[in-house]
Amino acid sequence: MTTKSNVRVRFAPSPTGALHIGGVRTALFNWLYARHNNGTFILRIEDTDQTRSTDESIKIILDGMKWLGLDWNEGPFRQTERLDIYRAHIDTLLKEGRAYYCYCTPEELDARRKEAMAAGRPPKYDRKCRSLTAPIEGRTPAVRFLSADEGQTIVRDLIRGAVTFENQQLDDLIIQRSDGLPTYNFAVVVDDVTMDITHVIRGDDHLNNTPRQIQLYQALGFEPPKFAHLPMILGSDKTKLSKRHGATAVTEYIDLGYLPEALVNYIARLGWSHGDQEIFSLQELIDAFTLESVGKAPSVFNQEKCVWLNHHYIQQADPGRLAGLVLDLLKKDGVLKQGSEPDLEWFKKLVKILTERSHTLVEMKNAAIPFLVDDIQLDEKAKTKHLTPDVAPLLIELATKLKTVEPFTHTEIEPIFNALVAEKGIKLGKIAQPVRVALTGGTVSPGIYEVIEVMGKEKTIKRIEAAAAGIK
RNA sequence: GGUCCCAUCGUCUAGCGGCCUAGGACGCUGGCCUCUCACGCCGGAGACACGGGUUCGAUUCCCGUUGGGACCA
């Protein structure tokens, strides 16, 4: 119905491990920007670091993107399939005298760097090979970009405004390693140019690379794209989010029982806001998202709020969908054997009564277990507190009465309890809690009538009688 | 060490010179509801890093200090 705008953005992860929270945020903001502007979202795999890149990681990233619902219009492209393109551009720069061969070894560079620092000079490349007129035999050179050493390079960032860098601070960066592969800073520039990227939206950690990249665009004869550098996501100790801060990979959130819409909503609100609104559907995010409302300050990832959103989205979710997800978890845990699935309609009823107090799918799965297994283990403390000698006759009487209930539903069960309570002059809790322990093994569960209904007549009576019999 | 960025409750944030005795959300907390736990509802504690300017007036603009972060090495 709408034609595509000329906005073209990309998410360009390195396949060196998991898809982590920071990557998701970058991907999400690019995706939202593309969708908001009817643009094109491109996925590019930056795998020139062949020692660390794996196909397994690529799969993890693609799966993660799909789980989150971040679909791409073009790609995935892989840099390793584009090596000839980089080489051609390197040759051009070399031919035009905008780049030169550098024969310095890492050891030499390191030594000179230390020397410079010891002498109080800035540790930048000394341009030793810049004046070389002939190759050094026996060495394979790297290629360095001949950067400007006067004036300034100004990054006009959509989030931070104009950021000025003194060109003399920038040294001649390596654009092709001695193994013939392009470096990150060079490959991104060539890729973004050849893929017609209009807006580079990426993490703050790349801001310092940007002036060099701008010079590369200029040397290559291209107009640089617009830049937007997103603030970092930090851990609770305000350092860059990493493994020691807990779950950082998308796969971990899947395993923890999160819904994708919860994670997306949470991450969208990290560094971005829209008035006082906290809950956003995907469409609302697309409609409201602009780079102007992205903040500049880094933000700390807060597990509690993410859980709160997950709880919210679990309440909103379709019971059939939840049932399927919880069923999968139960199978994964071996609680349910293959081919022994419960009746789906019944299971949906179970899911419905568990939803309200489940913050994650894992919690829901755990709460479902007593309803599925044949025998339950009673919690010792709960047993001591509620299954006392005086309640044994009550339980037996209740079980007897329940046997006559037909149909075995909430509305039919409730009067039985009310009658018993009135007859004995006790509080409802006096009987409800022991029954809860008898049926679920613990002191926490949905409303007791709902539990009984879903548990079913046979199991309910069996467990109440067993509990009564077990009281000494 | 150099360069760059950033700075409102514990956390995410609203605020784009007067509407602010600073609003919302998570978390924490008091109460209500109640068969447990939750949910829900009502209430509470809780922040403009500091110092200078600019201005009739600064959370908001400028400078510095401090603090944090990132990158390069």
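Residues numbered from 1 in each chain as written. Chains lettered and ligands numbered in written order. Predicted model: local features only at pLDDT ≥ 70, side-chain atom pairs only at ≥ 80, totals over all residues. Heavy atoms only, no water.

Peer 1: How would you sum up unusual backbone geometry? Please name residues and give values.
Peer 2: In this structure, Asn 38 is a non-glycine residue whose phi angle is positive, near 55°. Residue placement: Asn 38 occurs in the loop between helix H1 (21–36) and strand S2 (40–45). Backbone geometry places Asp 196, a non-glycine residue, at a positive phi of 55°. The residue Asp 196 is located in the loop between helix H5 (184–194) and strand S9 (199–203) in this model. (Helix = DSSP H or I, 4+ residues; strand = E, 2+ residues; numbered from the N terminus.)

Peer 1: Lay out the pattern of salt bridges in plain terms, naming residues and giving numbers.
Peer 2: A complete count under the given rule lists 31 salt bridges for this structure. Measuring nitrogen to oxygen at the nearest pair gives 2.7 Å for the salt bridge that ties Asp 63 to Lys 59. Of this pair, Asp 63 and Lys 59 both sit in helix H2 (residues 55–68), separated by four residues, roughly a single helical turn. With a closest N to O distance of 2.9 Å, Glu 465 and Lys 403 form a salt bridge. Highlighted residues: Glu 465 in helix H19 (residues 457–470) and Lys 403 in the loop between helix H15 (392–402) and helix H16 (410–424), separated in sequence by 62 residues. Each of Arg 10, Arg 44, Glu 46, Arg 82, Asp 191 and Asp 192 takes part in salt bridges that share partners, so that together they form one network. (Salt bridge = Lys/Arg side-chain N within 4 Å of Asp/Glu carboxyl O.)

Peer 1: With reference to specific residues and values, describe the environment of Leu 70.
Peer 2: Turning to its location among the elements, Leu 70 is positioned in the loop between H2 and strand S3 (74–78). For Leu 70, a relative accessible area of 1% gives the class buried. (Buried < 20%, exposed > 50% of the residue type's maximum accessible area, 1.4 Å probe, protein only.)

Peer 1: Residue-level account of H16, with values.
Peer 2: Between its first and last C-alpha, H16 extends 21 Å over 15 residues, near the 21 Å set by a 1.5 Å rise per residue. Listed in full, the buried residues belonging to H16 are Ile 413, Ile 416, Phe 417, Leu 420 and Val 421. Seen from one end, H16 has its buried residues packed into an arc of 125°, which puts them on one side. For H16, exposure combined with an orientation more than 90 degrees from the buried face picks out Thr 411 and Ala 422. Backbone geometry just downstream of H16 places Gly 425 in the positive-phi region, at approximately 65°. (Expected span 1.5 Å × (residues − 1). Arc of directions from axis to C-beta.)

Peer 1: Any details on the pairing of S3? Residues and values, ideally.
Peer 2: Alignment of S2 against S3, held across three bridges, turns out to be parallel. Residue pairing in the sheet places Ile 42 in a bridge with Glu 74 of S3. Between S2 and its parallel partner S3, the chain crosses via H2, and the hand of that crossover is right-handed. (Pairing = 2+ DSSP bridges. Right-handed = clockwise from strand over helix to strand, strands pointing away.)

Peer 1: Describe the packing of H16 against helix H18 (residues 448–455), listing the residues and the values that go with them.
Peer 2: It is at 9 Å that the axes of H16 and H18 come closest, and there the two elements cross at 125°. Relative to H18, the element H16 is oriented oblique. Considering the relative orientation of H16 and H18, their crossing is right-handed. Packed against H16, whose contacting residues are His 410, Ile 413, Glu 414, Phe 417 and Asn 418, the element H18 presents Tyr 449, Glu 450, Ile 452 and Glu 453 at the interface. Residue composition of the contact of H16 with H18, by class: four nonpolar, two polar and three charged. (Axes fitted to C-alpha atoms, helices over the stretch in contact; angles between N-to-C directions. Parallel < 35°, antiparallel > 145°, perpendicular 65-115°, else oblique. Left-handed = near helix turned anticlockwise from the far one by under 90°. Contact = heavy atoms within 4.5 Å. Nonpolar A, V, L, I, M, F, W, Y, C, P; charged D, E, K, R; others polar.)

Everything listed here is a matter of coordinates, which is why it stays silent on function.
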